[in-house]
Amino acid sequence: MSDKPGMLRRAFSGFWWFLDASRRAIFNLIFLFILVVIIVALLKGSPKVDDKTALVLNFKGPLVEQRAASSPDRVLSELQGGSTSQTQLRDVLSVLDAAAKDAKIDRVVLILDDFAGGGLATLREVAAALERFKASGKQVVAWGGSYDQRSYYLAAHANEVFMHPMGTAIVEGFGRYRNYYKDALDRLGIQANVLRVGTYKSFGEPYFANAPSKATIESDTYLYNDLWATYTNAVEKARKLPAGTINKSIEALPQSFIAVNGDAGKLALKDKFVDGLKTRDEFRELMIQRGAKDEESKSFRQVSFDAYLGTLRAPRMGDAIAIIVAEGEISDGTAPAGRIGGRSTSELIRKARDDEKVKALVLRVNSPGGSAFGSELIRRELELTRKAGKPVVVSMGNVAASGGYWISMAADEIIADAATVTGSIGVFAMLPTGEKAMEKLSVSTGGVTTTGLGGAYDPRRGLDPRFAQIVQAAIGNIYTDFTTKAAAARKTTPDKIDEVGQGRVWTGNQAKDRGLVDRIGSLGDAIKSAAAKAKLGDDARVTYVEVERSRFEQLVAQMGGAQLETWIHSMVGNAASNVLPIATVPTVAAEAQRDLVWLMTVTEQAKRSGNPFTAYAHCLCKVE
């Protein structure tokens, strides 16, 4: 008699054993590879910095307040062909301020070809650090194959700007066009059901309209014009160009481009956006002439950003100012570094409050908001920190809007950058339903519930008008709570807050004029303010309170820090590109995919939380 079932079981067991053994072997090889890289890095030791050394700021990836995800996650992304490089603002500021005092560093060289940019507020922080470096009597020189608007902002603050002869300096202004999905969702049979409080609360607009409303255009125009003025004024001042030069150059671009026969490099030189056109080898030779030659590398004597960062001393002991970074969207629960969890960020604040060495707290906010409940959890912990006698100062980065503003309200002082996008005091909820999509699929639903609330929100069925009234009343109450708390924090009335609220976004300058922030300043200004309020000296110790790192991250930190980590990612990425297939994702529909996935996420969050809806204090305020 045939034993076919037994043969199939044995064949399947053998296949599963082979698959499991292969998986373990691959991960063991990856671990051994990383271990070898670490050992080699340790044998290399810290770089030696000699006289006449140039500090090369070769930033990679976007400029962020806090690196997202853990080291193993980033290594895995490299293995899959992704790009995970990020540059922390705090590291850039530390390196530049240390180099300004280092007699062995005689200049900074900006190489920005791999720089993915950042928000205008963080770019302004780096530009200010470059100016401090220049004030020490040292030179900053920039070179790029090309410059986009964000990298050029930094390059413009150099003493000299060079570009490849075939390069382009692109400065195009602020603003953007985005997708609107009403007709598309109608064809699919999906209703977004956006309920909101705030005339200017535009986050949900793309899901129920085919174009921006007049209120959105009014608000965005006012915002973008102020940001653009901040950008152009700074660049023209740094480049010693007459006011209005950039706008005039853009208006005259078609004629100017024809006049130089389409040579973008010559046009940049003619308009004084750059000081010279040089290939990489020509620029290298210039740096050798101005500094010293490194015989081993056959280039100018230099130390990289990551290598120099690794030489900086660890923080000293003693009383400290704690900095907690609140970056990313706000959720209710726990979140990893680079995102904000209502519970996890609250725990960090509580940890700082309970630390006897911590005398004051700076909350660095870079968030468009998110969950109103998660935002309130954080605000409450900051309020308790102040009641415990520890000053709280908020430093706003690129964005501190809606929920990002909510978590800022419990501070002794709010300091924003001139280019911070803030405000957006408003609330909305979304209850997507697909009853018409069910009809198109010839699928019906039916059943009984003991009360009208049973299944009141079911994405398969039309939104019950009674339930919509309940949700609208609830978010109205949250908006009242938002404006009342803001009024108490800003020492004004809810009506006054409502006048500048209604979901409208403002720049830091505009928010200052309307009493939403106390003053314009930098992260450094916030640290000084916190030190003064806690009666600490100007050189008080600063410590970052963050989610506890994994064992892998702790090992990396102990064995070379940022330099080693960057090298590991580079080595692993190079190896992966030769071994593993690289999956590419089409970018044409990326925005639509992201927006529609968010719409589905709203429904999934409601299911997971057990709540029929979530109130969002979120701002659609990505500045490009």
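1. Examining helix α14 (residues 342-354)
Step number 1: In this model, α14 (13 residues) spans 18 Å end to end at C-alpha, consistent with the 18 Å of a helix rising 1.5 Å per residue.
Step number 2: If you follow the buried residues of α14, they end up packed against β12 (320-327), β13 (330-331), β14 (340-341), β15 (358-367) and α15 (372-387).

2. A closer look at the environment of G119
Step number 1: By secondary structure assignment, the location of G119 is in the loop between β4 (105-111) and α4 (120-135).
Step number 2: Overall, the relative accessible area of 23% leaves G119 in the partly exposed class.
Step number 3: C-alpha separation for the pair G119 and V399, spaced 280 residues apart in sequence, amounts to 8.4 Å.

3. Looking at the packing of helix α3 (residues 89-101) against α4
Step number 1: Where α3 meets α4, the closest approach of the two axes is 9 Å, and the angle between their N-to-C directions is 10°. The angle between α3 and α4 places the two elements in the roughly parallel class. Facing α3, whose interface residues are L89, V92, L93, L96, D97, A99 and A100, α4 presents T122, E125, V126, A129, L130, R132 and F133.
Step number 2: In terms of residue class, the contact of α3 with α4 is built from 10 nonpolar, one polar and three charged.

4. Points about unusual backbone geometry
Step number 1: Of note, N193 is a non-glycine position whose phi angle comes to about 50°, a positive value.
Step number 2: For N193, the position within the fold is in the loop between α6 (182-188) and β7 (194-197).
Step number 3: At N261, a position not held by glycine, the phi torsion is positive, near 60°.
Step number 4: You can see N261 is positioned in the loop between α10 (253-259) and α11 (264-270).
Step number 5: Relative accessible area serves as the criterion here: at 75%, N261 is assigned to the exposed category.

The rules behind these values
- Residues numbered from 1 in each chain as written.
- Predicted model: local features only at pLDDT ≥ 70, side-chain atom pairs only at ≥ 80, totals over all residues.
- Heavy atoms only, no water.
- Helix = DSSP H or I, 4+ residues; strand = E, 2+ residues; numbered from the N terminus.
- Expected span 1.5 Å × (residues − 1).
- Contact = heavy atoms within 4.5 Å.
- Buried < 20%, exposed > 50% of the residue type's maximum accessible area, 1.4 Å probe, protein only.
- Axes fitted to C-alpha atoms, helices over the stretch in contact; angles between N-to-C directions.
- Parallel < 35°, antiparallel > 145°, perpendicular 65-115°, else oblique.
- Nonpolar A, V, L, I, M, F, W, Y, C, P; charged D, E, K, R; others polar.

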